[in-house]
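Summary of structural features
Below, each chain spelled out in residue letters.
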Amino acid sequence: MNYSIETAPLEELHCDCMIVGVYQNQQLSPSALALNNSTSGLINNIVSRGDLSGKNGETVLINAVPGGRIECILLVGLGENKPLSGKDYKKALLAAINSLKKPQIKSIICCLAECEVKDRDWQWKSRHIIEVFNDAVYQFTELKSDKETESKIEKISITAPETEQTLASLGLLQGKAIAEGMLLAKHLGDLPGNLCTPSFLAEQALALGQQYPSVAVKILEEADMTALGMGALLSVSRGSRQPAKFIILDYQCGEKNEQPIVLIGKGLTFDAGGISLKQAPGMDEMKYDMCGGAAVLGTLLAAAQMQLKLNIIGLVPSSENMPDGDANKPGDILTSMSGKTIEILNTDAEGRLLLCDSLTYAERYNPDVVIDLATLTGACLVALGRVPSGLLGNDDALCDDLTSAGETANDSVWRLPLWEEYQEQLKSNFADLANVGGKDAGTITAACFLAKFAEKFRWAHLDIAGTAWRTGQTKGATGRPVPLLSQYLINRAHTDKS
Ligand code: BES
Ligand code: MN
Ligand code: ZN
């Protein structure tokens, strides 16, 4: 896809479709007004006939446009004529792009960056247009014979006045980087478990390092993990024929001695539950159990493309969780890299076993902060549904930073308490701690487990079980939380340096 910022007057532009906004009560946006004047009142005719009330998300496609420069015009309702919320802006953008998936439309000019959005500038708006449009045209067709449904859109231009060109262009660069990071995360997520194995993920990470020389990639093999004492992680991979991989991405574009931001992503390429086997319905969706890892790769791609002046480490512990003669059994006790012993009460609580050793491994970087992201608990879906990711952590400032980054990025999180009282639930009669804490507060007790391994640094945990993919008719990976993490990194790059 080709993206650009267009500063020439509307009257000079050519395209297959021009997108302009219309507010309620027949009020036209500046671009709609300009287009109306150059088409002898075409838009006013439609609006006054009542074909578009201007409600947010409503669309009308005008197919016959005089003048020959523009094949069609898409009118998009923006709601009341006042600054939109970020969410309403996204809603309008989504409605627009979703009504343009017609094969005749190859080039689009979007005039929606001019709408006022509360507290947001041209940089944010142009970035958002790219993120939303790119997200909406994505389809996983790689394994389908019929690729006809693929979007044919090749070119998207965003109009901006010359005075806003710098900001809009910066937004374009960020939008492209984040969109590409999301694309990688979605693609890896949607790939099935028979193709996207731990070895495949490791190869993808190496390919990312080839593409972006600022990202150094190293893969630890099971022998390396044994030498490190990663007994928790290895107890999971033992039950699978696929060897585990521990992927390390090293991006050092900050000051030499600056402590890094460490991102850890759960990379279970398939989670059958192990001996505590999951039920059959919906089990296919456990191919998405590596979405945390995929989002770490996507976020590093975005950071490298934006050339953020930060030091970032990405860690992706990757394995399958399968039932097998050599798999973990309920009651087994293993020793983690930290030395803490863990009693397995449910082999399906495997994510935390990979993450605890990864958290211990992260200590060697003397991190400024550690953020892990994991499709960790079904309980998170019960608590928060599919709107925000769950957020838990041991540092209020870090949690606040992530919350506000999530709001800016339209990729929200909601914090849950990580109180001492919950630790009770993880007591084991036979080991230092149990790997599950019963049916109450499953998301919190999972985070409590991780917290025991994150005592040496500022740490936050994102439970993305409800947000990393959609279920049902539109089943597919979402690329979340790449936008949130990218925003957090952008914010960090700016506040640390200015
Ligand atoms: N990957 C799952 C979590 C999950 C389940 C995410 C469903 C999205 C949808 C995780 O490994 C898991 O199985 N967690 C268990 C924990 C339980 C055994 C304490 C769960 O949520 O049931
Ligand atoms: Mn599981
Ligand atoms: Zn899992």
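Residues numbered from 1 in each chain as written. Chains lettered and ligands numbered in written order. Predicted model: local features only at pLDDT ≥ 70, side-chain atom pairs only at ≥ 80, totals over all residues. Heavy atoms only, no water.

1. Observations concerning empty space enclosed by the protein
What counts is decided by this rule: The definitions used throughout rest on a 1 Å grid laid over the protein atoms alone, on which a cavity is an enclosed set of points accommodating a 1.4 Å probe that cannot get out and a pocket is an open set flanked by protein within 12 Å on both sides along at least five of seven lines; lining residues are those having an atom within 4 Å of a point. Grid points are joined across faces, edges and corners, and a volume is the space filled by probe spheres set on the points. Under the convention adopted here, Pro, Cys and the residues Ala, Val, Leu, Ile, Met, Phe, Trp and Tyr are nonpolar, Asp, Glu, Lys and Arg are charged, and Gly plus all remaining residues are polar.
Following the criterion strictly, the structure yields one cavity of 30 Å³ or more and no others. Empty space within the largest cavity amounts to approximately 50 Å³. What lines the largest cavity is simply Ser235, Val236, Gly239, Gly274, Ile275, Asn321, Met322, Ala327, Asn328 and Thr347. The class makeup of the residues in the lining of the largest cavity is four nonpolar, six polar and no charged.

2. As for the coordination of the zinc ion (ligand 3)
What counts is decided by this rule: Only nitrogen, oxygen and sulfur atoms count as donors, using a 2.8 Å cut-off from the metal that widens to 3.2 Å for Na, K and Ca. Water is left out, so coordination shells may look unfilled. Geometry is assigned from the angles between donors: four donors with all angles from 85 to 135 degrees make a tetrahedral site, four or six donors whose opposite pairs exceed 155 degrees while the rest stay between 65 and 115 make square planar or octahedral sites respectively, and everything else is labelled irregular. Numbering of helices and strands starts at the N terminus; helices are DSSP runs of H or I of at least 4 residues and strands are runs of E of at least 2. Any residue under 20% of the maximum accessible area for its type is buried, any over 50% is exposed, and the rest in between are partly exposed; the area is computed with a 1.4 Å probe on protein chains only.
The protein atoms that coordinate the zinc ion (ligand 3) are Lys266 (NZ), Asp271 (OD), Asp289 (OD) and Glu350 (OE), at distances of 2.0 to 2.4 Å. Because the angles between the six donor atoms bound to the zinc ion (ligand 3) fall within 78 to 174 degrees, the donor set is best described as octahedral. For the zinc ion (ligand 3), the donor residues sit on a single chain with the sequence spacing K-x4-D-x17-D-x60-E. In this model, the zinc ion (ligand 3) sits 3.2 Å from the manganese ion (ligand 2), the two metals being bridged by Asp271. Placement of Lys266 in the loop between strand S10 (261-265) and strand S11 (267-271) and of Asp289 in the loop between S11 and helix H9 (291-306) is noted, with a sequence separation of 23 residues between them. There is no split in this pair, since Lys266 and Asp289 are both buried.

3. A closer look at the coordination of the manganese ion (ligand 2)
Ligation of the manganese ion (ligand 2) by protein atoms is provided by Asp271 (OD), Asp348 (O), Asp348 (OD) and Glu350 (OE), these donors lying 2.0 to 2.2 Å from the ion. Because the angles between the six donor atoms bound to the manganese ion (ligand 2) fall within 69 to 167 degrees, the donor set is best described as irregular. Take Glu350: its relative accessible area is 1%, and that puts it in the buried class.

4. Description of unusual backbone geometry
The omega torsion across Arg480 and Pro481 is 0 degrees, close enough to zero to call that bond cis. Checked against the element boundaries, Pro481 lands in the loop between strand S21 (476-477) and helix H14 (482-497). Even without glycine at this site, Gln26 takes up a positive phi of about 60 degrees. Along the polypeptide, Gln26 turns up in the loop between strand S2 (15-23) and strand S3 (27-28). By relative accessible area, Gln26 is classed as partly exposed at 44%. The phi dihedral of Asn410 is positive, around 55 degrees, even though this residue is not glycine. With respect to the helices and strands, Asn410 occurs in the loop between helix H12 (396-409) and strand S17 (413-415). A relative accessible area of 17% places Asn410 in the buried class.

5. Observations concerning the site of ligand 1
Basically, it comes down to this: Nearness here has a simple test: a residue counts as near a molecule or strand if at least one of its heavy atoms is within 4 Å of that partner. Counting of polar contacts relies on pairs of N or O atoms within 3.5 Å, with two restrictions inside protein: one atom must be capable of donating a hydrogen and the other of accepting it, and residues adjacent in sequence are counted only when both atoms are side-chain atoms. The protein chains shown are the only cover counted for residues, whose accessible areas, like all others here, come from Shrake-Rupley with a 1.4 Å probe. Grid points define the cavity or pocket, and a molecule sits in it when more than half of its atoms lie within 2 Å of them.
Near ligand 1 there are 17 residues, and of these Asp271, Lys278, Asp348, Glu350 and Gly378 occur at the shortest range. Contact distances for ligand 1 include 3.2 Å between an oxygen atom and a side-chain N or O atom of Lys266. Between a nitrogen atom of ligand 1 and a side-chain N or O atom of Asp289, the distance comes to 2.9 Å. Protein contacts shield 78% of the accessible area of ligand 1, which totals 500 Å² for the unbound molecule. Taking a 2 Å distance to the grid points as the criterion, the majority of the atoms of ligand 1 fall inside the second largest pocket.

6. Structural notes on helix H10 (residues 351-362)
Filter applied, for reference: Each helix should span, by expectation, one fewer than its residue count multiplied by 1.5 Å.
Look at H10: 16 Å from first C-alpha to last across twelve residues, which is about the 16 Å you get at 1.5 Å a residue. Across the twelve residues of H10, twelve count as buried, placing the element largely inside the fold.

7. Some points on the domain arrangement of the chain
Note the cut-off: Boundaries between domains were set according to an automatic or database domain assignment. Note on definitions: a residue-residue contact is assigned when non-hydrogen atoms from the two residues lie within 4.5 Å. Computed with a 1.4 Å rolling probe, the buried area is the accessible surface lost when two parts are put together, summed over both parts. Salt bridges, as used here, are contacts in which a Lys or Arg side-chain nitrogen is within 4 Å of a carboxyl oxygen on Asp or Glu.
Structurally, the chain comprises domain 1 (2-153) and domain 2 (182-497). Its C-alpha centre places domain 1 at a distance of 37 Å from the equivalent point of domain 2. Tallying the contact residues gives 14 residues for domain 1 and 16 residues for domain 2. Of the roughly 1200 Å² buried at the junction of domain 1 and domain 2 (both faces included), carbon and sulfur atoms supply 49%. Of the charged contacts, one joins Lys186 and Asp135 as a salt bridge, the two residues approaching to 2.4 Å between their closest N and O atoms. Residue assignment for the side of domain 1 that touches domain 2 shows that the elements contributing at least two residues are helix H3 (86-98) and helix H4 (122-137). Counting residues per element, the side of domain 1 that touches domain 2 draws most heavily on H4, which supplies six residues. A class-by-class count of the residues in the side of domain 1 that touches domain 2 yields four nonpolar, three polar and seven charged.

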